[in-house]
Amino acid sequence: MADRPGYVNVDTIYEEQDQVKQEVKNDYTSVEETAMVEMTIKKSRFIGLAFHVESDDEVHNIIANLRASNKNAKHVAYAFVLGEEYSVAKNNDDGEPAGSAGAPIFEAIKKMHLTNTLVAVVRYFGGIELGKSRLTRVYNATAAGVLTEAKKYKMVYCNEVEIKVSYQNYGAVNKLFADSNVHIIEQKNDESMPLIKIAVPINSSEKVMASIRARTRGAGIITKYGTGFYKFPYITEAEK
């Protein structure tokens, strides 16, 4: 995928942190729930559907079900991307002129930097030919429309951190988490010192750790024990 212009560079990079070489991976975004839009152009109905998918088999099952439930449709064109490194990308015109359906659907997925995402466009032919150029624009617009409507989430590469604090500082630390961009992995309050495990995005990890030390006046025990991807809400540029 690295040779496809417009995609995020997902090559593994490294950064110095705490004088230890730490592997850092790019975040990625995916569709969370099935979404649908529909438009009619020159009496042809174009139904765009977006799905979260994890494998080729899942894609093939969804497409087979769409064809079975839309037996009168002329075409079910689609495209999908899989993997945290965008390692699998395929598209299918399903009988439309070559490059007029699957490729523009794929371009819509690529433009939004999505993965583990399938977009299918079901076409009920209305009897009027659109021409390849217009057909390409319609498939792209339908795919872009459904992806804009679809609920999405972000997978963020994080440091996994274990924190032990006194009950005296527990409330202050929890308030910090509520105000910060962290994912709570686990909380245990039945010990002499409450234990909290959190996932902190790599790029804000040191800032959050410093805030915890400040809130606990250095009394907390903070241990980094791993890294991994964790699910965070998807926020558009307009919402930031």
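Residue indices begin from 1 for each chain and proceed along its sequence in written order. The model is predicted, so local features are restricted to residues of pLDDT at least 70 and side-chain atom pairs to those at 80 or more, both for listing and for counting; the totals for chains, interfaces and linings are taken over all residues. Values reported for side chains reflect all heavy atoms of the structure, with hydrogen atoms and water molecules removed beforehand.

J.: Can you walk me through the packing of helix α2 (residues 102-111) against helix α3 (residues 132-149) in this structure?
T.: Helix-helix packing: each pair is described by the crossing angle between the helix axes and the interaxial distance. Close contact between α2 and α3 brings their axes to 8 Å; oriented N to C, the two are set at 35 degrees. The chirality of how α2 crosses α3 is right-handed. Within the contact between the two elements, α2 uses Pro 104, Ile 105, Glu 107, Ala 108 and Ile 109 and α3 uses Thr 136, Tyr 139, Asn 140, Ala 143, Ala 144 and Leu 147. Classification used: nonpolar for Ala, Val, Leu, Ile, Met, Phe, Trp, Tyr, Cys and Pro, charged for Asp, Glu, Lys and Arg, polar for all others including Gly. The residue makeup of the contact of α2 with α3, split by class, is eight nonpolar, two polar and one charged. A fitted line through C-alpha atoms serves as each axis, taken over the contacting stretch for helices, and the angle formed by two N-to-C directions is quoted from 0 to 180°. Only DSSP runs of H or I covering at least 4 residues are called helices, and only runs of E covering at least 2 are called strands; the numbering of each starts at the N terminus. By definition, turning the near helix anticlockwise from the far helix through less than a right angle yields a left-handed crossing, and turning it clockwise yields a right-handed one. Note on contacts: a residue pair is in contact if any heavy atoms of the two residues lie within 4.5 Å.

J.: I'm lost on the side chain of Glu 160 in this one. Help?
T.: Position of Glu 160 relative to the elements: it lies in strand β9 (residues 152-164). Residue exposure (1.4 Å probe, protein chains only): buried if accessible area is under 20% of the type maximum, exposed if over 50%, otherwise partly exposed. Charged-residue counts in this description rest on Lys and Arg as positive and Asp and Glu as negative, His and the chain ends being excluded. Note on definitions: salt bridges are taken to be side-chain nitrogens of Lys or Arg within 4 Å of carboxyl oxygens of Asp or Glu. Buried charged residue Glu 160 carries no salt bridge. Nearest counter-charge: Lys 197, at 8.8 Å. Definition of a polar contact: a pair of N or O atoms within 3.5 Å, with one able to donate and the other able to accept a hydrogen when the atoms are protein atoms, and with sequence-neighbouring residues admitted only if both atoms are side-chain atoms. At a separation of 3.2 Å, a polar atom in the side chain of Glu 160 contacts the main-chain amide nitrogen of Thr 227. Polar contacts involving the side chain of Glu 160 include one to the side chain of Tyr 230, which spans 2.5 Å. Aside from chain neighbours lying at most four places away, what touches Glu 160 is Ile 185, Ile 198, Thr 223, Lys 224, Tyr 225, Gly 226, Thr 227, Gly 228 and Tyr 230.

J.: Sorry, what's going on with helix α5 (residues 205-215) here?
T.: Listed as buried for α5 are Ser 205, Val 208, Met 209 and Ile 212. Down the axis of α5, the sector holding all buried residues measures 100 degrees, keeping them to one side. Turned more than 90 degrees away from the buried face of α5, the exposed residues are Lys 207 and Ala 214. Two residues or fewer past α5, Arg 217 is found with a positive phi of approximately 50 degrees. An arc is given here, and it is the one of the directions from the helix axis to the C-beta atoms.

J.: Hey, could you run me through the pairing of strand β7 (residues 88-92) in this one?
T.: Where a strand is regular, its side chains alternate between the two sheet faces. Two strands qualify as a pair provided that DSSP identifies no fewer than 2 bridges between them. One ladder, built from five bridges, connects strand β6 (residues 75-82) with β7; its direction is antiparallel. Paired with Leu 82 across the two strands is Val 88, which belongs to β7. In sequence, β6 turns back onto β7 through a hairpin of five residues, with Gly 83 there showing a positive phi of about 95 degrees.

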